[in-house]
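Secondary and tertiary structure notes
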Amino acid sequence: MSAITHHVPDAILASYAAGSLPQAFAVAVASHVSLCAHCRGALEAHQAVGGVILEDTKAVAVSASLKDSILAQLDAPYTPEPVYERNGIFPGPVMEVMQRHAPRWKKLGMGVRQDILSADAHGSVRLLYIPPGQAVPDHSHNGLEMTLVLQGSFSDETGRFGVGDLEIADETVEHTPVADPGAACICLAATDARLRFNALVPRLLQPLFRI
Amino acid sequence: MLTQTIDRPNLAKSNKVTPRREREPVSQTKNDYSDETIWMLAVRDTRDRGAFAALFDHFAPRLKGFLIRGGASPQQAEEIVQDVMLTIWRKADMFDPHRAQVSAWIYQIARNRRIDIARKENRPMPEALKEEPELEPDASQILGLEQETTQLKQALAALKPEQREVIEKAYLGELTHQEISMQTGLPLGTIKSRIRLGLQRLRHELKDLTQ
Ligand SMILES: [Zn+2]
């Protein structure tokens, strides 16, 4: 695997640490951090800043009974949260959104496939499968789009993106990612708005495909 | 790997016989750890309830103040304090003093809990790193991280009040990622770079794992 060269910008990482990042982007960032030691270290640094702010916060007295109530619960049974492990090319946070299923690909045409893992008014998380040499349908978008490469690689007007690389494109970027020769390119794509495809899928069909 | 052990100057050149004891590194032992680290390790390693009570006394009122500043009602804040304190007890084995200060670790737990409640869905988290179990605690690394955190605290204290306020808002989750990005005067990178040790160790460990 070649080294990861496209990382999470500081402002996005700080926002992720603080929990103000929209859910779809948080999936992409948590997945990148799972693959990238550089950003894991940077995230830990942001958490350290949060920790210092917590330490410096003016204390507010808690009710008298709280401590005893908590101490009394230490031995109480509880259900541990599920742990989502990496499976093949899919990092733990992607496995969590997929609920441990294998991808359920739907054809988009020209050999391109997608699996919408989650979609609502606040954004969407999808897997994209792009055969080598094939372009991702030319599109621009409202808002921000994050694309994390899980297999293969793609290139567009801004550079080359291999496994683990995270591309962040805002509405000013009208880009045409093309899968490089070799293995098919599989990406996680997260947006905080609906995609607007310029070609391939007529706009009328968008509600149908939920893209 | 960076260590905090400082070799005494070699005095042989001045024809002085250096007693062996003198040439040992400046002693850095777990006795020098901060109280918070000592309590947390006692909770993790010996399930020490007295140490847990001490952690509660230190962190619960700060957490309550922190959560109220972040918009929670006093009652909500106490409920979250309870969840966070129980998580500290239950997930103590995840605490790694080489990579996180207690305050940073608790900050992250508190932010997760707050978001899970607000969004009614789990915040995606990066995969946990699997530490090698036989890894000996490295006192110089743990103390080094504590020293870095002290420097970080000083760097934050040295900020202009307006800057400090923006940083606090960002890490309390009150700013969107766009708002954090637009704060161009914010020394995010500079502040974050005070915490280097964790990142260096991480790189070191990952290199060992892949070789
Ligand atoms: Zn990275």
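In the annotation of an unreviewed UniProt entry, chain B is listed under the name RNA polymerase sigma factor and assigned to Shimia sagamensis. In its Sequence similarities (unreviewed entry) section, the UniProt entry covering chain B states "Belongs to the sigma-70 factor family. ECF subfamily."

Per an unreviewed UniProt entry, chain A goes by Anti-ECFsigma factor, ChrR and derives from Shimia sagamensis.

A separate point is the environment of B:His177. Looking at the element boundaries, B:His177 is found in helix H7 (residues 177–182). If sequence neighbours within four positions are ignored, B:His177 has contacts with A:Ala11, A:Ile12, A:Ser15, A:Leu21, A:Pro22, A:Phe25 and A:Leu144.

Next up on the list: the sheet that holds strand E7 (residues 159–161) of chain A. Residues and elements named next belong to chain A. Across the sheet, which stays open at both edges, the 3 strands sit in the order E7-E6-E9 with antiparallel pairing between neighbours. Among the strands making up the open sheet, the edge pair consists of E7 and strand E9 (178–179). The sheet contact formed by strand E6 (residues 154–156) and E7 spans 3 bridges and is antiparallel. Counted as the bridge partner of Phe-154 is Phe-161 from E7.

For any two aromatic rings, the description comes down to two numbers: the centre-to-centre distance and the angle of the planes. Enumeration over the complete set of coordinates arrives at 5 aromatic pairs over all chains. When the centroid spacing of 5.1 Å and the interplanar angle of 20 degrees are considered together, the rings of A:Phe154 and A:Phe161 count as stacked. As far as burial versus exposure is concerned, A:Phe154 and A:Phe161 are alike and both buried. The ring of A:Tyr78 is capped by B:Arg90, whose NZ or CZ atom sits 4.1 Å from the centre of that ring. Across the ring face of A:Tyr16, the terminal group of B:Arg123 is positioned such that the distance to the ring centre comes to 5.0 Å.

Next up on the list: the coordination of the zinc ion. Residues and elements named next belong to chain A. Listed as protein donors to the zinc ion are His-7 (ND1), His-32 (NE2), Cys-36 (SG) and Cys-39 (SG); their distances from the metal cover 2.1 to 2.3 Å. Its 4 donor atoms give the zinc ion angles of 96 to 125 degrees at the centre, a pattern that matches the tetrahedral case. When the donor residues of the zinc ion are listed from N- to C-terminus, their spacing reads H-x24-H-x3-C-x2-C. Accessibility expressed as a relative area gives 4% for Cys-36, which makes it buried.

Turning next to the interface of chain B and chain A. How big an interface is tends to be stated in terms of accessible area lost as the parts join. Listed per partner, the contact involves 66 residues of chain B and 64 residues of chain A. In total, about 6,000 Å² of surface goes out of reach between chain B and chain A, with carbon and sulfur atoms giving 61% of it. Put simply, chain B and chain A have 8 salt bridges between them. The salt bridge partner of B:Arg164 is A:Asp56, with a shortest N-O separation of 3.5 Å. Taken together, chain B and chain A are joined by 21 residue pairs in polar contact (both at pLDDT 80 or more).

This part takes up the UniProt feature "domain: RNA polymerase sigma-70 region" (unreviewed entry) in chain B. The UniProt entry lists residues 55–123 and 155–204 of chain B under the feature "domain: RNA polymerase sigma-70 region" (unreviewed entry), expressed in the numbering used here. Along residues 55–123 of chain B the backbone is 72% helical and 0% strand, and the end-to-end C-alpha distance reaches 25 Å.

Take the pairing of strand E2 (residues 112–120) of chain A next. In the case of a regular strand, side chains alternate between the two sheet surfaces. All names here are of chain A. For strand E1 (residues 106–109) and E2, the ladder comprises 3 bridges, and the chain directions are antiparallel. The residue of E2 that forms the bridge with Lys-106 is Gln-114. The turn linking E1 back onto E2 is made up of 2 residues, and Met-110 within it adopts a positive phi angle of 60 degrees. Summarising the sheet, E2 and strand E3 (residues 123–130) pair through 7 bridges and their orientation is antiparallel. Residue pairing in the sheet places Ile-116 in a bridge with Arg-126 of E3. The antiparallel hairpin formed by E2 and E3 contains 2 residues in its connecting segment.

All names here are of chain A. The contact between helix H1 (residues 10–18) and helix H3 (residues 37–56) brings their axes to 9 Å, and the two run at 60 degrees. Here H1 is positioned oblique relative to H3, judged by the angle of their axes. When you trace H1 past H3, the crossing you get is right-handed. Mapping the contact onto sequence places Asp-10, Leu-13, Ala-14, Tyr-16 and Ala-17 in H1 and Cys-39, Ala-42, Leu-43, His-46 and Gln-47 in H3. Of the residues in the contact of H1 with H3, the class split is 7 nonpolar, 2 polar and 1 charged.

Right, let's get into the pattern of salt bridges. Under the counting rule described, the total for this entry stands at 15 salt bridges over all chains. For the salt bridge of A:Lys67 with B:Asp57, the shortest nitrogen-to-oxygen distance reads 3.0 Å. On the criterion of chain membership, the pair formed by A:Lys67 in helix H4 (residues 66–72) and B:Asp57 in helix H2 (residues 49–69) is interchain, its members lying in two chains. In this structure, B:Asp45 and B:Arg44 form a salt bridge, with 2.7 Å as the shortest nitrogen-oxygen distance. Within this structure, A:Asp56, B:Arg69, B:Lys153, B:Arg164 and B:Glu168 form a network of salt bridges that share partners.

The residue A:Thr57 is located in the loop between H3 and H4 in this model. With a relative accessible area of 11%, A:Thr57 lands in the buried category. Polar side-chain contacts of A:Thr57 include one of 2.7 Å to the backbone oxygen of A:Ile53. Apart from the residues lying within four places of it in its own chain, the contact partners of A:Thr57 are B:Arg62, B:Gly65 and B:Phe66.

Criteria and cut-off values
- Residues numbered from 1 in each chain as written.
- Chains lettered and ligands numbered in written order.
- Predicted model: local features only at pLDDT ≥ 70, side-chain atom pairs only at ≥ 80, totals over all residues.
- Heavy atoms only, no water.
- UniProt positions renumbered as here; feature names shortened; annotations may be inferred.
- Helix = DSSP H or I, 4+ residues; strand = E, 2+ residues; numbered from the N terminus.
- Contact = heavy atoms within 4.5 Å.
- Pairing = 2+ DSSP bridges.
- Phe/Tyr/Trp six-rings, centres within 6.5 Å; stacked < 30°, edge-to-face > 60°.
- Buried < 20%, exposed > 50% of the residue type's maximum accessible area, 1.4 Å probe, protein only.
- Lys NZ or Arg CZ within 6 Å of the ring centre and 35° of its normal.
- Donors = N, O, S within 2.8 Å, 3.2 Å for Na, K, Ca; no water.
- Tetrahedral: all angles 85-135°; square planar, octahedral: opposite > 155°, others 65-115°.
- Buried area = accessible area lost by both parts, 1.4 Å probe.
- Salt bridge = Lys/Arg side-chain N within 4 Å of Asp/Glu carboxyl O.
- Polar contact = N/O pair within 3.5 Å; in protein donor to acceptor, adjacent residues only side chain to side chain.
- Axes fitted to C-alpha atoms, helices over the stretch in contact; angles between N-to-C directions.
- Parallel < 35°, antiparallel > 145°, perpendicular 65-115°, else oblique.
- Left-handed = near helix turned anticlockwise from the far one by under 90°.
- Nonpolar A, V, L, I, M, F, W, Y, C, P; charged D, E, K, R; others polar.

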